Amino acid sequence: MFALWYLTFAVDEIRKQDTMVDAAVLAKLEEGYAKLAASDSKSLLKKYLTKEVFDNLKNKVTPTFKSTLLDVIQSGLENHDSGVGIYAPDAESYTVFADLFDPIIEDYHGGFKKTDKHPASTFGDVASFGNVDPTNEYVISTRVRCGRSMQGYPFNPCLTEAQYKEMEGKVSSTLSGLDGELKGKFYPLTGMEKAVQQQLIDDHFLFKEGDRFLQAANACRFWPSGRGIYHNDAKTFLVWCNEEDHLRIISMQQGGDLGQIYKRLVTAVNEIEKRVPFSHDDRLGFLTFCPTNLGTTIRASVHIKVPKLASNKAKLEEVAAKYNLQVRGTRGEHTEAEGGVYDISNKRRMGLTEYDAVKEMYDGITELIKLEKSL
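All of these numbers come straight from a predicted model, not from anything done at the bench.

**What to know about the confidence of the model for the protein**
Reasoning step 1: Within the protein, residue pLDDT values average 89, and 92% of them lie at 70 or more.
Reasoning step 2: Per-element confidence in the protein is highest for helix α3 (residues 44–48), whose mean pLDDT is 98, and lowest for helix α1 (residues 2–19), whose mean pLDDT is 43.
Reasoning step 3: Ignoring residues within four places in sequence, the model shows residues 1–18, a span with pLDDT below 50, making two contacts including any to other chains.

**Here we look at the state of the cysteines**
Reasoning step 1: For the structure shown, the criterion picks out zero disulfides.
Reasoning step 2: Cysteine Cys158 is unpaired, with the sulfur of Cys220 as its nearest cysteine sulfur at 14 Å.
Reasoning step 3: For Cys158, a relative accessible area of 17% corresponds to the buried category.
Reasoning step 4: With no disulfide partner, Cys290 has as its closest neighbouring cysteine sulfur the one in Cys220, 14 Å distant.
Reasoning step 5: For Cys290, a relative accessible area of 7% translates into the label buried.

**Digging into the packing of aromatic side chains**
Reasoning step 1: One pass over the structure, following the stated rule, counts 10 aromatic pairs.
Reasoning step 2: Taking the centre distance of 4.6 Å and the plane angle of 20° together, the rings of Tyr87 and Phe289 count as stacked. Within this pair, whereas Tyr87 is found in the loop between α5 (69–78) and α6 (93–96), its partner Phe289 is found in the loop between β7 (285–286) and β8 (299–305), the two being separated by 202 residues in sequence.
Reasoning step 3: Given a relative accessible area of 10%, Tyr87 falls into the buried group.
Reasoning step 4: Classification of Phe289 by relative accessible area gives buried; the value is 0%.
Reasoning step 5: Relative to Tyr262, the ring of Phe129 has its centre 5.5 Å away and its plane inclined at 80°; by these criteria the two rings are edge-to-face. A residue pair is termed long-range when its members are at least 10 positions apart, and Phe129 in the loop between α7 (98–108) and β1 (139–148) and Tyr262 in helix α11 (residues 258–275) qualify at 133 residues.
Reasoning step 6: The exposure class assigned to Phe129 is buried, which follows from its relative accessible area of 6%.

**Side note on the environment of Phe289**
Reasoning step 1: As a C-alpha pair, Phe289 and Gly111 span 178 residues in sequence and 20 Å in three-dimensional space.
Reasoning step 2: With near-sequence residues (within four places) excluded, Phe289 lies in contact with Tyr87, Ala88, Pro89, Tyr94, Phe155, Pro157, Leu214, Ala217, Ala219, Glu244 and Asp245.

Calculation criteria
Residues numbered from 1 in each chain as written. Predicted model: local features only at pLDDT ≥ 70, side-chain atom pairs only at ≥ 80, totals over all residues. Heavy atoms only, no water. pLDDT = per-residue confidence, 0-100. Helix = DSSP H or I, 4+ residues; strand = E, 2+ residues; numbered from the N terminus. Contact = heavy atoms within 4.5 Å. Disulfide = S-S within 2.5 Å. Buried < 20%, exposed > 50% of the residue type's maximum accessible area, 1.4 Å probe, protein only. Phe/Tyr/Trp six-rings, centres within 6.5 Å; stacked < 30°, edge-to-face > 60°.

Laid out in structure tokens, this is it:
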């Protein structure tokens, strides 16, 4: 009888150790939460991490990778100027920490509720989009990208260096099989000359090291191991390997021919998916490191010069919001506009199809150009 009781007690203790959050982690959480609560942060993290939610989640860990609430929110705790402030260190985080993720997802993605289910992937009629700026007066360049996670691997904070390298090898060999317009070369970051790296960054082709939001989220470990960039000969098709997501698939070119750019992206995604299985969830769609990129993961954007609208930034933001568009600086999130050029994209990525996400950008940019002309 005693032996049975002792065995039960021992199993319970092991289970507790397996799920209990380390005291040092709890102390960091309590301190970080207090500072965030006292700050004037406008982040969605601060908005939805109430004391009740915090107390409910602070002792939880994900079953497989033992990710804690600190892993989820540490970027937002360190950077009070974050717009969102949370990342998913592994796919299970979206379930274990749903009390925090769900309201943030609903707020960011325009009302995608915890009872909602993301629709099946649909790229629609790729020929239905034309050129948003046929006279080349406003749109400097157009880009459509999507994020993908490789099945069987966690997100950045939980990856080992060996996994990073293994993934890079898989991505490199997969992409070397592409032909036609997509044919190109994979460039590993390891061993890349600084001059080549800087040129690719300046050309808006390559991600840069040292993003403080990603670093705080523990997403830059083992840099530059397992990271790289693929681009076709014309530099109109790119794939980033292990920056924020496992894969960022990008189609881009000068001018406003969204139809041509979208068609190239769809062809590429379909070709890559034949060779690499992607992580997908029935409710959330394609799974990504940042909750802002879930669902379709599609971000269709233009670099656009609208000087009259830009002279009143509040007005530009107001019109953009009406069409579910997001206004950023020239070099993306957390940057300023250079020479009056803005990066404007669709904001919603969940609760609608890929086609509809791109159409929101197409319709919104068309309206912005019409408005700019009328001023």
